[in-house]
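# A look at the structure
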Amino acid sequence: MRLRLPSSGLVILLTLTVVLAVEFAVEVLVRQHELRREQEQTLAVLNGVRARVEKLIYRDLYVVRALANHIAAVPDIDQAGFDAYVQRLLRTPTALSHVAAAPNLTIRFVYPLAGNEALLGMDYLAMPAQRAAVNNTILRRTMMISGPIALRQGGSGFVAREPVILPTETGPPAIWGLVAAVIKQDELYRVVGLDAARTTLDIAVRADDIPDGAAQPVFYGNATVFSRDSVRTIVNLPIGRWVIAAHPRAGWLAGVTPTLWLMRLAALALAAVLAALLQSRARHLREQMSALEALQRSEQALRRSRQDLINAIDALAEGFALWNQQDRLEVYNQQLPKMLPALAGVIQVGMPFQSLVEAMANLGVVGSDEKREDWIARRLEQHRAPGGALEVRTRAGRTVSISEYHTADGYVVGLYTDVTEIRAAEEHIRYRAYFDPLTALPNRENFMNQLAQTVAESQRDQRQFALLFVDLDRFKNVNDTLGHAVGDKLLVEAGKRLTDCLRHSDTVARFGGDEFTVIMRDIDNAMNAAHCAETLIEALTEGFELAEQVVHTGASIGITLYPVDGADGHTLLRNADMAMYRAKARGRNTFRFFAAEMTTRAEHFVALEKDLRLALSRRQFDFDYQPVVRLDDGALAGAEALLRWRHPQRGAVSPGEFIPVAEETRLIVDIGAWALRHACRTAAAWCARDGGALPRLAVNVSGRQLWGGFDGAFVAEVLAESGFPAERLVFEMTESLLIDEDRRVGAILREFRDLGIGIALDDFGTGYSALGYLRRFPVTMLKIDRSFVGDIESNVSDARLVESIIALGRALNLTVVAEGVESAGQAALLRNLGCELAQGYFFARPMAAGDFEKRYGM
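Quick summary incoming for the structure in this document. This one's a predicted model, so the numbers in the text were calculated from it and none came from an experiment.

Those residues of helix α19 (residues 655-664) that sit buried are Phe658, Val661, Ala662 and Glu664. Looking straight down α19, one finds its buried side chains confined to an arc of 165°; they lie on one side. At the C-terminal side of α19, arginine 666 shows a positive phi close to 65°.

Given below as structure tokens:
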């Protein structure tokens with residue numbers, strides 16, 4: 001029998017069904033919203049913990065690496081220096097319990113010492129638990145991190161080890177030892193806020209590679225958290241990836257359960273009222289409004305959580321930017337435009353990454369002087385590479401480091417850190433490592449590096465250089481009598497004088513104590529070094545005004561030459577040191593070459609230089625004149641002025657002996673100026689007498705003179721003073737001068753040509769004999785070298801060569817003069833070959849001015 005309900009009962013049943021269905025739907029919706037809100041709140045807490053863990057760990061690892069770099073720069077560090085440097089590094093909050101340094105893998109320094117005294121003297125290799133990790137660190141020569149492990153001081157933590165590698169001059173780098181730091185788990189969890197978060201959450205931490213339900217222990221909390229419906233986040237660290245999981249202690253939706261029961265009771269009550277009267281309809285509407293209000297509150301709480309996350313990002317000390325999968329800016333904090341002020345009016349959420357990079361390039365925020373397009377391409381490539389990093393400089397001169405990390409879901413996180421002070425500190429450390437703090441000169445290590453580089457370059461270019469080892473004489477007496485402060489000032493002033501005496505291409509270094517070393521690069525011969533040593537000794541012998549009194553010192557210098565005295569830097573330095581001690585043994589304030597014969601030559605060179613200076617001031621120079629005759633009739637065509645030095649003790653000194661010294665010491669500039677004035681005055685006096693007309697006067701000119709003011713203006717001044725006609729003056733120069741000094745010599749020779757002065761190429765045929773310079777330079781005369789004329793009667797080749805030179809001169813409209821004619825046969829043959837002029841013993845030997853006057857009626 002079927003139960004038949006009255007129509008009113010059916011209405012009540014349908015009403016109850018609709019009410020219950022609506023209530024169930026609302027309950028599901030509320031559960032979903034509440035669950036999502038609670039999970040997002042929990043995830044925000046975990047992300048805050050994750051950010052603090054990553055920042056703290058990376059900062060603590062930077063401390064370890066910075067300490068290792070500092071010890072590599074200062075390997076002889078003591079406990080006080082160790083403590084002071086670590087204290088500076090640990091000014092910011094840290095989870096490090098202590099830091100230790102172990103030279104030769106035995107702990108010698110610990111900070112802080114209190115509570116860690118037991119670690120001193122501990123040998124890592126004697127500890128089986130740490131031996132493998134230590135050996136692995138040394139083998140890989142990079143930072144290695146292990147843990148968590150049980151600590152000797154109690155508790156557990158992570159141990160970071162960084163090898164300290166010392167550069168060596170030869171061979172592979174040396175291992176000084178290692179630096180270790182302990183991050184205690186308890187302190188780490190406390191600092192990053194894990195303990196505080198546990199008041200409302202069950203939190204656990206484990207490695208990322210442990211599957212759910214595995215038996216391995218977790219780092220923190222209860223492993224059961226991972227088997228429950230927990231919220232998780234990934235922490236990226238140098239030691240691997242961690243997973244942090246959290247679950248409310250009271251369970252999900254614990255706070256919403258009473259509300260759900262109220263909703264159920266309200267629905268039943270509403271159904272009862274609807275079933276009874278139409279008033280249940282109004283009650284039902286009120287319950288729906290209450291549910292909607294609860295939903296709005298949940299959404300408002302969600303928005304507040306998002307704002308809290310944004311505020312946390314803004315609170316970071318670093319600049320922060322988040323790029324989504326489409327490479328568009330999704331989030332950035334206020335620190336970013338503060339660090340890069342040029343972007344303040346440009347950066348905005350939603351802009352593509354490439355647009356921001358182009359804006360940075362346009363506004364001058366770049367990492368170097370490279371081209372704009374190249375920098376943009378490099379920046380985009382770095383952005384695509386995981387873990388990329390680079391540095392840029394702002395217009396204000398600040399240095400900002402940009403580090404980017406790629407997340408698993410395709411986002412890119414950018415951290416912008418101002419590292420200006422860090423880079424300045426690193427530069428200061430580098431400066432202290434390579435420069436002497438007292439004199440600001442390169443120190444021993446810097447000098448040895450430059451010496452090795454100079455050896456390599458000189459070997460490659462087949463050039464020679466000199467190494468000078470300078471030791472201050474009587475420096476100990478200054479220290480003992482006047483004090484170390486005066487001694488330090490003396491070293492500083494001595495370093496300045498040494499620097500002032502050297503070329504820009506040379507290097508002077510403080511080698512240690514009162515010893516200095518000098519590299520003279522690219523020298524022509526040993527006499528360059530001897531002249532430099534003499535100059536340095538003279539500079540250091542002059543008194544120093546220190547402490548209101550004049551301090552006198554001197555220097556003993558040892559000299560070695562590459563490659564004759566050694567093929568490597570250490571050999572050259574050792575031999576220079578030995579030569580320096582020989583100089584001290586000879587009475588100080590002198591120099592010695594490592595090779596004794598070089599010292600003898602240098603002493604002769606220096607003595608000759610001193611005599612040359614005296615000869616110039618005491619007018620010991622004079623001229624002999626050798627006539628130049630016409631071959632067709634034997635008439636006088638001119639004279640060559642030949643410089644002579646008649647020394648009161650040495651007697652007549654050969655020009656071949658003193659001219660090279662004069663050129664090397666640049667005395668040739670003053671000697672040449674005197675010679676031109678004297679020769680022009682003498683020739684002008686001859687021309688002023690009755691019947692005394694010297695057709696042509698030839699004066700030899702050295703290339704060094706042209707670099708010392710011997711130009712058209714100077715010569716014009718001399719001619720004006722003497723009254724000698726410019727068209728009768730001829731300058732004789734060698735071929736090599738035209739080849740070596742092309743551009744400058746060409747300009748000066750054209751000045752001489754414009755004055756009317758003739759240019760003769762001396763010893764033509766013995767040098768380069770390139771026909772090009774006969775066209776480029778205003779040459780008017782060729783002088784055939786005596787080596788071709790001497791055998792012209794018996795040697796067919798010499799005769800043909802002389803004939804070719806004469807033909808060349810005729811073709812170029814140049815006067816040809818044959819030198820060294822000593823016989824009538826040579827003169828006759830030259831005349832038959834078409835040579836116009838000649839000089840030599842056959843016609844007359846060089847003679848004094850008085851004899852020349854008498855012979856030729858001057």
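This is not the end of the story, as more comes after the structure.
Our next topic: the environment of alanine 693. Residue placement: alanine 693 occurs in the loop between α20 (667-688) and β24 (697-700). Measuring from C-alpha to C-alpha, the distance between alanine 693 and asparagine 333 comes to 96 Å, with 360 residues separating the pair along the chain.

Here helix α15 (residues 484-501) spans 26 Å end to end across 18 residues, near enough to the 26 Å set by a 1.5 Å rise per residue. Listed as buried for α15 are Val486, Gly487, Leu490, Leu491, Val492, Ala494, Gly495 and Leu498. Packed against the buried residues of α15 are β14 (464-473), α14 (475-482), β15 (507-512), β16 (515-523), α16 (526-541) and β17 (544-546).

Our next topic: the sheet that holds β15. Sheet architecture is open: 5 strands sit in the order β15-β16-β14-β19-β20, paired in mixed fashion. A single partner strand is all that each edge strand has here, and the edge strands are β15 and β20 (591-593). Between one strand axis and the next, the sheet turns by 20° as a mean value, whatever way the strands run. As judged from the 9 bridges shared by β14 and strand β19 (residues 554-562), these two strands associate in the antiparallel manner. Bridge pairing links leucine 472 to alanine 555 in β19. Taken strand by strand, α16 contacts β14, β16, β19 and β20, and its axis lies near 165° from that of β19. Where helix α17 (residues 569-585) meets the sheet, its contacts fall on β14, β15, β16, β19 and β20, and the angle it forms with β19 comes to roughly 140°.

This paragraph deals with the sheet that holds strand β5 (residues 174-184). Strand order across the open sheet formed by 5 strands is β2-β1-β5-β4-β3, with antiparallel pairing between neighbours. The sheet is open, and its two borders are formed by β2 (109-111) and β3 (144-150), each paired with just one other strand. Direction aside, the axes of adjacent strands within the sheet are offset by 20° on average. Both strand β1 (residues 96-103) and β5 contribute to a ladder of 7 bridges, which runs antiparallel. Among the inter-strand pairings, valine 99 is bridged to a residue of β5, identified as alanine 181. Its contacts with the sheet put helix α2 (residues 79-89) on β1 and β2, and the angle it makes with β2 is roughly 35°. Packed onto the sheet, helix α4 (residues 185-192) meets β3, β4 (156-166) and β5 and runs at close to 60° relative to β5.

Applying the stated criterion to the full structure yields 2 cavities of 30 Å³ or more. In this structure, the largest cavity occupies an estimated 80 Å³ of space. In terms of lining, the largest cavity is formed by 15 residues, of which the most central are Val628, Arg696, Ala698, Met781 and Val817. Counting residues per element, the ones that place at least two in the lining of the largest cavity are β22 (636-647), β24, β25 (729-734) and β27 (781-784). Among the elements that make up the lining of the largest cavity, the one with the highest residue count is β22 (4 residues). Classifying every residue of the lining of the largest cavity gives 9 nonpolar, 2 polar and 4 charged.

The subject of this paragraph is the layout of surface pockets. In this structure, the second largest pocket encloses a volume near 880 Å³. Lining the second largest pocket are 38 residues, and of these Glu640, Leu642, Pro655, Asn700 and Asp762 sit closest to its centre. Of all the secondary-structure elements, those providing two or more residues to the lining of the second largest pocket are β21 (621-630), β22, α19, α20, β24, α21 (703-706), β25 and β26 (758-764). Class assignment for the residues of the lining of the second largest pocket results in 19 nonpolar, 10 polar and 9 charged.

The final tally for this structure, using the stated rule, is 0 disulfides. Lacking any disulfide linkage, cysteine 532 is separated from the closest cysteine sulfur, that of cysteine 501, by 7.4 Å. The buried category is assigned to cysteine 532, whose relative accessible area is 7%.

A word on the packing of aromatic side chains. Summed over all chains, the structure comprises 24 aromatic pairs. Ring geometry for phenylalanine 465 versus tyrosine 562: centroids 5.2 Å apart, planes at 15°, classification stacked. Taken together, the positions of phenylalanine 465 in strand β14 and tyrosine 562 in strand β19 put the pair 97 residues apart, joining distant regions of the chain. With respect to class, phenylalanine 465 is no different from tyrosine 562; both count as buried. Taken together, a centroid distance of 5.9 Å and an interplanar angle of 45° make the contact between phenylalanine 621 and tryptophan 645 tilted. Placement of phenylalanine 621 in strand β21 and of tryptophan 645 in strand β22 is noted, with a sequence separation of 24 residues between them. Each member of the pair phenylalanine 621 and tryptophan 645 is classed as buried. Through successive ring pairs, a cluster of aromatic residues spans Phe621, Phe623, Tyr625, Trp645, Phe658, Trp674, Trp686, Phe852 and Tyr856. The positively charged end of arginine 444 is found above the aromatic ring belonging to phenylalanine 511, 4.1 Å away from the centroid. Its end group placed over the ring of phenylalanine 544, arginine 497 keeps NZ or CZ at 3.6 Å from the ring centre.

A few words now on the packing of α20 against helix α22 (residues 712-722). Interaxial distance between α20 and α22 falls to 9 Å at its minimum, and their mutual angle equals 35°. Taken as a pair, α20 and α22 cross one another with a handedness that is right-handed. Here α20 contributes Ala673, Leu676, Arg677, Cys680, Arg681 and Ala684 to the contact with α22, which in turn contributes Phe714, Val715, Glu717, Val718, Leu719, Glu721 and Ser722. Here the contact of α20 with α22 is composed, by residue class, of 8 nonpolar, 1 polar and 4 charged.

In this structure, β22 lies alongside β24, joined through 3 bridges in parallel fashion. Paired with glutamate 640 across the strands is alanine 698, a residue of β24. Taken together, the 4 bridges between β24 and β25 define a ladder with parallel strand orientation. The residue of β25 that forms the bridge with alanine 698 is valine 730.

With that settled, consider the nonpolar core. If you look at the biggest cluster of nonpolar residues, it comprises 118 residues, and the most contacted ones within it are Leu468, Ile557, Leu697, Val715, Leu729, Phe731 and Phe752. With 12 residues, α20 is the largest single contributor of residues to this core. The residues touching leucine 468, leaving out its near neighbours within four places in the chain, are Phe516, Thr517, Val518, Met520, Ala529, Cys532, Ala533, Leu536, Ile557, Gly558 and Ile559. Leu96, Val99, Phe109 and Ala207 belong to the second-largest nonpolar core, a separate cluster that totals 51 residues.

Before going further, it helps to examine the pairing of β14. A large share of β14 lies buried, amounting to 9 of its 10 residues. As paired elements, β14 and β16 share 7 bridges and run antiparallel to each other. Among the inter-strand pairings, leucine 467 is bridged to a residue of β16, identified as isoleucine 519.

By the definition in use, this model includes 30 salt bridges. A salt bridge links glutamate 54 to arginine 50; its shortest N-O distance comes to 3.3 Å. A residue pair is termed a helical-turn pair when its members lie 3 or 4 positions apart in one helix, as glutamate 54 and arginine 50 do in helix α1 (residues 7-73) at 4 residues. Residue arginine 50 is classed as partly exposed on the basis of its relative accessible area, which comes to 22%. Residues participating in the shared-partner salt-bridge network are Asp471, Asp473, Lys584 and Arg588.

Conventions adopted
- Residues numbered from 1 in each chain as written.
- Predicted model: local features only at pLDDT ≥ 70, side-chain atom pairs only at ≥ 80, totals over all residues.
- Heavy atoms only, no water.
- Buried < 20%, exposed > 50% of the residue type's maximum accessible area, 1.4 Å probe, protein only.
- Helix = DSSP H or I, 4+ residues; strand = E, 2+ residues; numbered from the N terminus.
- Arc of directions from axis to C-beta.
- Expected span 1.5 Å × (residues − 1).
- Contact = heavy atoms within 4.5 Å.
- Pairing = 2+ DSSP bridges.
- Axes fitted to C-alpha atoms, helices over the stretch in contact; angles between N-to-C directions.
- 1 Å grid on protein atoms, 1.4 Å probe; cavity = no way out; pocket = protein on both sides within 12 Å on 5 of 7 lines; lining within 4 Å.
- Points joined across faces, edges and corners; volume = space filled by probe spheres on them.
- Nonpolar A, V, L, I, M, F, W, Y, C, P; charged D, E, K, R; others polar.
- Disulfide = S-S within 2.5 Å.
- Phe/Tyr/Trp six-rings, centres within 6.5 Å; stacked < 30°, edge-to-face > 60°.
- Lys NZ or Arg CZ within 6 Å of the ring centre and 35° of its normal.
- Left-handed = near helix turned anticlockwise from the far one by under 90°.
- Core = buried A, V, L, I, M, F, W, Y, C linked by side-chain atoms within 4.5 Å.
- Salt bridge = Lys/Arg side-chain N within 4 Å of Asp/Glu carboxyl O.

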